[in-house]
Amino acid sequence: MVRMEQGMLARSIAGHDRGRLYVIIRVETEYVWLVDGILRTVDKPKKKRIRHIQVIHQYAEPVRKALKEKEPLQNEPIKQIIQSESRKRREDKHVESRCN
C-alpha cells in the first residue's frame, strides 16, 4: 500500500474532479479528506476513496507544520501551494513535449 500522510499532495484520478491537485488533511482506512483552498476549503474538505487518488510524495510544508503544531489550517497557503505546483507541472509537460 502507498504511504499517505497529512500534508502530502495528491491528484484526483477519478470523478468529475479528475486531474485536480489537492492537499491531504486527514487519512482513514478507505478515505482521505482533501482541500485545495478554493473550491474545497478547510471548512468543506472533499472526502474521496483512497483508490481514486494518486499520492504525490511531496509535502505542503506550511500545512504539515500547522498540523504538527496543532494550529488551525488556513486556505490561503493551501491555495498558493496548489497553484504553484500546478504551474510547475504544466511547465514540466511543456519541457517534455519540446524534447520529443
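What comes next is a walk through the structure. (Residues numbered from 1 in each chain as written. Predicted model: local features only at pLDDT ≥ 70, side-chain atom pairs only at ≥ 80, totals over all residues. Heavy atoms only, no water.)

## Describing the pattern of salt bridges
Okay, so step 1: Taken as a whole and assessed by the stated rule, the structure comprises eight salt bridges.
Okay, so step 2: The residue Lys48 makes a salt bridge to Asp17 at a minimum N-O spacing of 2.9 Å. Note that Lys48 is positioned in strand β4 (residues 46–49) and Asp17 in the loop between β1 (8–12) and β2 (21–27), a separation of 31 residues in sequence. Considered together, Lys48 and Asp17 belong to a single accessibility category, that of buried residues.
Okay, so step 3: Between Glu30 and Arg49 there is a salt bridge, with the nearest N and O atoms lying 3.0 Å from each other. Here Arg49 lies in strand β4 and Glu30 lies in the loop between β2 and β3 (31–35), a separation of 19 residues in the sequence. (Salt bridge = Lys/Arg side-chain N within 4 Å of Asp/Glu carboxyl O. Helix = DSSP H or I, 4+ residues; strand = E, 2+ residues; numbered from the N terminus. Buried < 20%, exposed > 50% of the residue type's maximum accessible area, 1.4 Å probe, protein only.)

## With respect to the sheet that holds β2
Okay, so step 1: If you trace the five strands from one edge of the open sheet to the other, you get β4-β3-β2-β1-β5, paired in antiparallel fashion. Two strands lie at the open edges of the sheet, namely β4 and β5 (53–59), each paired on one side alone. Direction aside, neighbouring strands of the sheet carry axes that sit 45° apart on average.
Okay, so step 2: Inspection of the sheet shows β1 paired to β2 by three bridges, in the antiparallel sense. Each residue of the ladder has a partner; that of Arg11, found in β2, is Leu21. (Pairing = 2+ DSSP bridges. Axes fitted to C-alpha atoms, helices over the stretch in contact; angles between N-to-C directions.)

Remember that the coordinates give geometry; whether it matters functionally is a separate question.
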